[in-house]
Every structure is written in structure tokens, then in C-alpha cells.
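# Examining the three-dimensional arrangement
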Amino acid sequence: MIFRTERDTLGEVQVPVDKYWGAQTERSRNNFKIGLEGSMPMEIIYAFALLKKAAAHANFELGFLSKKKKDFISLVCEEILEGKLDDQFPLVIWQTGSGTHSNMNVNEVISNRSKVLMGEKLGKSKSFIHPNDDVNKSQSSNDTYSTAMHIASYKKLVEKTIPSLEKLRNTLEKKSHSFKNVVKIGRTHLMDAVPITLGQEFSGYVSQMNHGLNSIKKTLDHLSELAIGGTAVGTGLNSPKGYDFKVIDYIYQYTGLPFKVADNKFESIASHDAIVESHASLKQMAVSLMKISNDIRFLASGPRSGIGEIFIPENEPGSSIMPGKINPTQCEALMMVCTQIIGNDMAISIAGASGNYELNVSKPLMAYNFLQSAQLLSDASISFSNLCVQGITPNHARIQELLDRSLMLVTALNTSIGYEKSAKIARCAYVNNTTLKEEAIRLGYLTIEEFDKLVKPDKMI
């Protein structure tokens, strides 16, 4: 590999000649060879590009940056947003907890790429656009990474996660309506209970998702607050008056999303309670979807030795040794996704509590886990909706068989013959392996006509 010499305040660094990053990026790349995964999410890089472009325009408008520098910074930011420079951001999340290295990675790429666009060669002379003095003007890594976290997280939720969850919710809602007349036995404690309709059962899933979606949406207001303009500790040192509002205005122009200046920049840099709060809502949804996916795979269990009240799509063979076996694979995939999100929430909680005075020092981890959870929840919801829920159909024969055999239909007799007599009927039917009707008549508590009038499952829902 051929290298060129780049310099920073600590001295000279050898950088691959074909890369736009500079000395600080290369130091981080060599100093943090940790893990086989965990590259800085591109959503963060793209959020930085939006921010750097907005900052350049704001600094120009306030008279602190020349038009030529503003134009070149904007041009490179557009290239980043178009994905043309994705291979120029090699750093991992296991770096400085402020995200300074990734901020400088973006600054250096913009500086060096601008140099090349101006017809100069990398490493031969100082760049016309300096990574700190120009690209990072009026900024600190502490407020820019915090801002990029919020931009990336907010965009992911409103553009991907929420629409995907709404699609799954709508699919479940359609099934709930179509199953409204399918009377089946209910279950509590994994044991027979009184009747319910399959539609009512599914309506509970719809309600869970509605509450989860509402919870996520309620966190967007806090998440929309951006720390930009707070610079190092929230005081705004080296940031001109009005700069923060102008940056936000430009970000709104680029995204159409209602970002706003943080109410308190000390809070927005020193803590990330907005990330903690919003991810807790993602965890809430994961908990709900874990329950839903478990219910569906248990209801579909069998086909002959389980509950088997519903049929789910047969997407792929389920065993390398057992011919004909079909497994609830979409349910299992969703369960693993939910498990990962619940784990991510614990990591985010610890990271959120690990700030020191004026700075949280686990920003990259929080951003990585949040974006992973939001993406996983989005992808898994679409997959579960399309490849499982849409294809669910009732197994009417099995539903009727289990309903007819259930001893808990005896509950309908409570108000007529009392709890104790009803319990005796159920107990005798269980011990003698007979029916409720047979025992009610044998014990002399009811006639055939009285029993048939009182025990009607479709009137018990």
C-alpha cells in the first residue's frame, strides 16, 4: 500500500494515499482495533453531512465563512449524502466516548475532498479548507455528535420504524376483523378458560401495538431537540449569536423534519435522556411483539400434537432430518430481534447513566444500539407482517373440537346453580372422562333442555 504524509497537532501520520481522511482519523483507525463489527453507522455520517452543510451555510450567512468555502463544503456534503464517499468512514464505535474521532473523520474527508475538487493533490500542501477552522467552525465534537445522534435517530424512527410498525398493526387489525365470529376457547395460566373469539384475541395485539406506537411518537418531541451551538460544554463558546437557530433552519430545509434548538444545551450534551426515553419505547414495543409472536407460534403449534388452532404460512422446510416439518420461523426471528432490542436497552440505560459532569462519554454506543434497534424493529415488523400474519387462517375444525371439550364452559352455570355445583360438574367430567352435559344430568342439577339453554359458547363472549 502506498502512503502519504498527513499532519496534526501531535505530528506526522502515514495515511493510505487513496483515502480522503487525515491524521486524526488514521490515529483512531490504528488505536481502536476492537471487534469484528461495530462500524460507525452510516446514518450518523449522513446526519453529520446534513449538519456540516447547514453549519457552513449558517457561518457564511453570519459572515464567518467565505462563499467559496461554503460552496465546497456543501458540495462534498452532498457527495456524502449521495453515498459516493461511504468507504471514507472506517472508524468503529469503540472509540472516544464523545465521538470526536468520527466528527474529525467527517471534517477531514470534507477538507481533503474539497482539495481534490479544486484540482490539488492530497498531502502536497495545506488544504484551502481546514478541517477544524472551516468545516468545524462554531462547533465542537460534543455538540455535533450529540446533534448527529438525534438527527439520525429521529429520521430512522419517522422514516422507517414507525411506518413499518403501523403496517404490522394494520395487518393484525384486518385479521382481528376477519376473525370476529370465530369462537374459541380462551386460556389463562396456559390452562382452559372461558370462550373468546379469535378476533378478540387479535384485538389485544392491535391494542398493544397502538399503545407502543403512541409511546414512541410521544418521545419524538424531546428527540427533536438538537444540541448544536452548545459547543464544548453547553455555553456556546466560539459560536456566534443566532448561529444555532440558523443551523436548525437549514436542517429543516434539507429534511422537512421539525428539529429545534435544545431547551437546555447543558442537558443535551451532558446527558442523553432523550435517547434513553425513546429507546425505552422501542423496548416496550419489543416486549409486546415478543408476546404476540409467542402467542401466534403456540396457537399454530402442531400440526397434530399441539394446539393447532391457526394455520401459518409454510415458508421453508423446517428440518434437515425430519421430512415435511414446518416451523414458525418468522415468529422465531421476531423473538430474537426483540431479545436483541431488550438487551440494547440495558446497554443504553447504562451508557446514559455514565455521563460525567458536562459530557456523556458513551455517545457512539448509544447511537449504534439505538439505530440497530430501530432498524431491526422495522425490518422484522415488515417480514412478520408479510410472511406470517397476512397468511394466518383459522383451523375451524380444531377450534371447535377444543371448544367443545373444554370444561371451563361450566362457568356459564355459576349464576344458575352456583359455583360449588358447577365445580362438581367440572370435576366429575374430568375424573370420569365424560362431558359437562352428561355430569350435569347425572348429578340431577339440570335437564338436557336447561343445560343446552345455558351453555352456549357464542353467548359467552
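Here the structure is shown first, and the text comes after it.
Residues numbered from 1 in each chain as written. Predicted model: local features only at pLDDT ≥ 70, side-chain atom pairs only at ≥ 80, totals over all residues. Heavy atoms only, no water.

### A look at the pattern of salt bridges
A side chain of one charge can pair with a side chain of the opposite charge if their charged atoms are brought near each other. Tallying each qualifying case throughout the model produces 25 salt bridges. Between Lys 70 and Asp 71 there is a salt bridge; the shortest N-O distance is 3.0 Å. The class of Asp 71 is partly exposed, set by a relative accessible area of 32%. Each of Lys 184, Arg 187, Glu 201 and Glu 309 takes part in one network of salt bridges that share partners. (Salt bridge = Lys/Arg side-chain N within 4 Å of Asp/Glu carboxyl O. Buried < 20%, exposed > 50% of the residue type's maximum accessible area, 1.4 Å probe, protein only.)

### Structural notes on the nonpolar core
Judged by nonpolar contacts, the single largest core of 98 residues is most densely connected at Ile 44, Leu 289, Ile 296 and Phe 384. If sequence neighbours within four positions are ignored, Leu 289 has contacts with Leu 165, Leu 168, Met 209, Leu 334, Cys 338, Leu 377 and Ser 381. Counting residues in hydrophobic clusters, the runner-up holds 16 residues, among them Leu 407, Leu 409, Leu 446 and Phe 451. (Core = buried A, V, L, I, M, F, W, Y, C linked by side-chain atoms within 4.5 Å. Contact = heavy atoms within 4.5 Å.)

### Some details on the pairing of strand β1 (residues 3-8)
On a regular strand, each side chain points to the face opposite its neighbour's, so the side chains alternate between the two faces of the sheet. Alternating positions in β1 separate cleanly, Arg 4, Glu 6 and Asp 8 being buried on one face and Phe 3, Thr 5 and Arg 7 remaining unburied on the opposite face. Linking two consecutive strands that pair antiparallel, namely β1 and strand β2 (residues 11-16), is a turn of 2 residues. (Helix = DSSP H or I, 4+ residues; strand = E, 2+ residues; numbered from the N terminus. Pairing = 2+ DSSP bridges.)

### Structural notes on the packing of aromatic side chains
Counting across every chain of the model gives 5 aromatic pairs. Relative to Phe 202, the ring of Phe 179 lies with its centre 5.4 Å away and its plane at 85°, an arrangement referred to as edge-to-face. Of the two residues, Phe 179 sits in the loop between α6 (141-178) and β3 (183-188) while Phe 202 sits in helix α7 (residues 198-218), which places them 23 residues apart along the sequence. For Lys 68, the ring lying beneath its charged end belongs to Phe 128, and the centroid distance is 5.0 Å. (Phe/Tyr/Trp six-rings, centres within 6.5 Å; stacked < 30°, edge-to-face > 60°. Lys NZ or Arg CZ within 6 Å of the ring centre and 35° of its normal.)

### Some details on the pairing of β3
For β3 and strand β4 (residues 191-197), the ladder comprises 5 bridges, and the chain directions are antiparallel. By the bridge assignment, Lys 184 is partnered in β4 with Ile 196. Turn length for the β3-β4 hairpin, with the two strands adjacent in sequence and antiparallel, is 2 residues, and the turn residue His 189 shows positive phi of about 60°.

As far as function goes, none of this settles anything; it's purely spatial.
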